[in-house]
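Listed below are the residues making up each chain.
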Amino acid sequence: MSLHSQSSSPLSAAKAVAGGNVFLKLLTLALSVFIGFLTIGMQLPVLPLYLHETLGMSTLVVGLVIGAQFVVALLSRAWAGNFADSRGARRAVVAGLLIVASSGLAYLASLPFVTTPAISVWILLTGRIVLAIGESLVVTGSLGWGIGLVGPQNAGKVMAWVGIAMYAAFALGAPAGIVVNGNFGFAGIAVATILIPFVALAMVALVPAVAPLASKRIPFYKVFALVLIPGMGLALASIGFGMITGFIALLFAAKNWGNSSLAFTAFGLAFIAARLLFGHLPDKLGGAKVAMVSVAIEAAGLLLIWSADTSTIAYTGVALGGFGYSLAFPGFGVEAARRAPPQSRSVAMGAYVAFLDISLGIASPLAGVIAGQWGVHTVFLAAGVAVGLSLLVAVRLLGKPSAGEKIS
């Protein structure tokens, strides 16, 4: 079916967007997402090492704590999507940013228990759970909000620009997190997590609201089933992203390659470059075609990291991984969006992103086991194989959707 709102045709929606540049319509929303996700970016290079070196936790525990965020985000996607569709995307994003800020309070509360690491880890885990709920609301709300602002015919561009905001936050947040942690310790990360979302809230206030479209609630499992095949592609492709963000800092430490923050910057800059240069292609050429090329590049990057014997080679692999994953997300995402009913756009995007949560929630602990048994570098070999399998999903999507894959 053609995606369109209940109150307008695809032609009228296209004309409405033609009256204003898509980029300008999404700019303020993207900036608010960028600022909000700085809190997550700052934690990327700091938290794994804090758990492993300061608290003395094993790589398995590191994987479990990191992966817990994705498990909780998965469990909250249905609620977050329905909240955004029924109560409004603005409310979802505002609530999400406030919840993200509150996760910093848990991080602060863990600090007095550093000498009793088990207690400190449990409190940190609580903070990660709270962070996951907030992140779920921000992501599903902003994707649904963006599609409401510029029309479903520009769904790929919405995913591209929201993604640019998220991964720019990772690219800039990672070195910022190293600096903050170096000067103020993990307490500085906790305080930044509390304060930064309020800056994003000020930006959100400038974005025009979009009226909720949902007239009745569609069960999440039905929407989930509609996006199953492209979601499987995302799940496999996201394993590479999860291994880079969760284990690249440990790899650099194990290889004595020094500061890993530049790896996150390389990933983020390559991710952004791909979106800026080629973010229009999923809408123009078709998501499946773009996804095929993208995951091949990502898999090559992961295998390069696995075989790297210098930090320069590792940086190159990380950059290739970021470049490939950048377009895999909207590539599979466009295929998911065109299978979903317009009145459930936030739920559909939540269901699609849930496959990322499933992937990372399972893969992170497994990678912790692999790292403990065969070395940290081995997780990138496993990730490269998994991402390679997503090529099969992209090939499947090149065919016409079978009956039942779309709602008319």
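This one's a predicted model, so the numbers in the text were calculated from it and none came from an experiment.

Focus on the overall build of the protein chain
Phase 1: Scanning the protein chain from terminus to terminus reveals 15 helices and 0 strands.
Phase 2: Relative to its full complement of 408 residues, the protein chain shows a buried share of 58%.
Phase 3: Long-range contacts, defined as pairs at least 24 residues apart, comprise 87% of the intrachain contacts of the protein chain with a sequence gap of at least 6.

Considering the packing of aromatic side chains
Phase 1: Evaluated as defined, the whole model comprises 11 aromatic pairs.
Phase 2: On the numbers, 5.8 Å between centres and 50 degrees between planes, the contact of Trp79 with Phe83 is tilted. Note that Trp79 and Phe83 are positioned in helix H4 (residues 59–87) at a spacing of 4 residues, about one turn of the helix.
Phase 3: Using a relative accessible area of 17% as the deciding quantity, one classes Phe83 as buried.
Phase 4: The interplanar angle of 50 degrees and the centroid separation of 5.6 Å between the aromatic rings of Tyr107 and Phe186 together place this pair among those described as tilted. With a gap of 79 residues between them, Tyr107 in helix H5 (residues 89–110) and Phe186 in helix H7 (residues 155–204) connect regions that are remote in the sequence.
Phase 5: Overall, Tyr107 belongs to the buried group, its relative accessible area being 0%.
Phase 6: Phe186 gets classed as buried once you look at its relative accessible area, which sits at 5%.
Phase 7: Taken together, the aromatic side chains of Phe241, Phe267, Phe271 and Tyr325 make up a single cluster linked through ring pairs.

Some thoughts on the environment of Ala171
Phase 1: Within the fold, Ala171 resides in helix H7.
Phase 2: Each C-alpha atom, one on Ala171 and one on Ser261, is 8.4 Å from the other, the two residues being 90 residues apart in sequence.
Phase 3: Beyond its immediate sequence surroundings of up to four residues, Ala171 is in contact with Phe264, Thr265, Gly268 and Leu269.

Brief notes about a nonpolar patch on the surface
Phase 1: A cluster of nonpolar side chains, namely Phe23, Leu24, Leu27 and Leu31, defines an oily patch on the protein surface of about 330 Å² accessible area.
Phase 2: Inspection of the secondary structure assignment puts Phe23 in helix H2 (residues 22–43).

Some words on the side chain of Thr265
Phase 1: Take Thr265: it is sitting in helix H10 (residues 261–278).
Phase 2: Contact partners of Thr265, with chain neighbours within four places excluded, come to Ala171 and Pro175.

Some thoughts on H10
Every α-helix carries 3.6 residues per turn, so stepping three or four residues along brings you back to the same face.
Phase 1: Compared with an ideal rise of 1.5 Å per residue, which puts 18 residues at 26 Å, H10 spans 26 Å between its outermost C-alpha atoms and is within 8% of the ideal.
Phase 2: If you check which residues of H10 are buried, you get Ser261, Ala263, Phe264, Thr265, Ala266, Phe267, Gly268, Ala270, Phe271, Ile272, Ala274 and Arg275.
Phase 3: Turning to H10, the residues buried within the fold contact H7, helix H9 (228–255) and helix H13 (311–337).

Regarding the side chain of Ser110
Phase 1: As for its position among the elements, Ser110 is in helix H5.
Phase 2: Overall, the relative accessible area of 0% leaves Ser110 in the buried class.
Phase 3: Setting aside residues up to four positions removed in sequence, Ser110 forms contacts with Ser120, Ile123 and Leu124.

Things to note about the confidence of the model for the protein chain
As a note on interpretation, predicted positions should not be read in detail where pLDDT is low.
Phase 1: The predicted model of the protein chain averages 81 in pLDDT, with 89% of residues at 70 or higher.
Phase 2: In the model of the protein chain, helix H1 (residues 10–18) stands out as the element of lowest mean pLDDT, 42, in contrast to H5, which has the highest, 93.
Phase 3: Note on residues 1–19: pLDDT under 50 across the span, and 34 contacts to partners over four residues away in sequence or across chains.
Phase 4: Low pLDDT (under 50) marks residues 402–408, which in the prediction has 16 contacts with non-local residues, meaning those over four places away or in another chain.

Topic: the packing of H9 against H13
Phase 1: At a minimum axis distance of 9 Å, the contact between H9 and H13 shows a crossing angle of 155 degrees. When the axis of H9 is compared with that of H13, the two are roughly antiparallel. As for the relative orientation of H9 and H13, their crossing is left-handed in sense. Along its contact with H9, which presents Pro230, Gly233, Leu234, Ala237, Ser238, Phe241, Ile244, Ile248 and Phe252, the element H13 presents Ser311, Ala314, Tyr315, Val318, Gly321, Tyr325, Ala328, Phe329, Phe332, Glu335 and Ala336.
Phase 2: Classifying every residue of the contact of H9 with H13 gives 15 nonpolar, 4 polar and 1 charged.

Considerations on unusual backbone geometry
Phase 1: Of note in the backbone geometry, Asn256 takes a positive phi value of approximately 55 degrees without being a glycine.
Phase 2: Examined against the element boundaries, Asn256 turns out to sit in the loop between H9 and H10.

Some words on the nonpolar core
Phase 1: Among the nonpolar cores identified, the biggest contains 113 residues, and Phe37, Met243, Phe247, Ile248, Tyr325, Phe332 and Phe380 are the most heavily contacted of them.
Phase 2: With 19 residues, H7 is the single largest residue contributor to this core.
Phase 3: With near-sequence residues (within four places) excluded, Ile248 lies in contact with Met243, Ser260, Ala263, Phe264, Ile305, Val318 and Phe380.
Phase 4: Counting residues in hydrophobic clusters, the runner-up holds 5 residues, among them Ala80, Phe83, Ala84 and Leu137.

Calculation notes
- Residues numbered from 1 in each chain as written.
- Predicted model: local features only at pLDDT ≥ 70, side-chain atom pairs only at ≥ 80, totals over all residues.
- Heavy atoms only, no water.
- Helix = DSSP H or I, 4+ residues; strand = E, 2+ residues; numbered from the N terminus.
- Buried < 20%, exposed > 50% of the residue type's maximum accessible area, 1.4 Å probe, protein only.
- Contact = heavy atoms within 4.5 Å.
- Phe/Tyr/Trp six-rings, centres within 6.5 Å; stacked < 30°, edge-to-face > 60°.
- Patch = residues over 30% accessible without salt bridge, like charges linked within 9 Å, V, L, I, M, F, W, Y side chains within 5 Å.
- Areas by Shrake-Rupley, 256 points an atom, 1.4 Å probe, with all protein chains shown as cover.
- Salt bridge = Lys/Arg side-chain N within 4 Å of Asp/Glu carboxyl O.
- Expected span 1.5 Å × (residues − 1).
- pLDDT = per-residue confidence, 0-100.
- Axes fitted to C-alpha atoms, helices over the stretch in contact; angles between N-to-C directions.
- Parallel < 35°, antiparallel > 145°, perpendicular 65-115°, else oblique.
- Left-handed = near helix turned anticlockwise from the far one by under 90°.
- Nonpolar A, V, L, I, M, F, W, Y, C, P; charged D, E, K, R; others polar.
- Core = buried A, V, L, I, M, F, W, Y, C linked by side-chain atoms within 4.5 Å.

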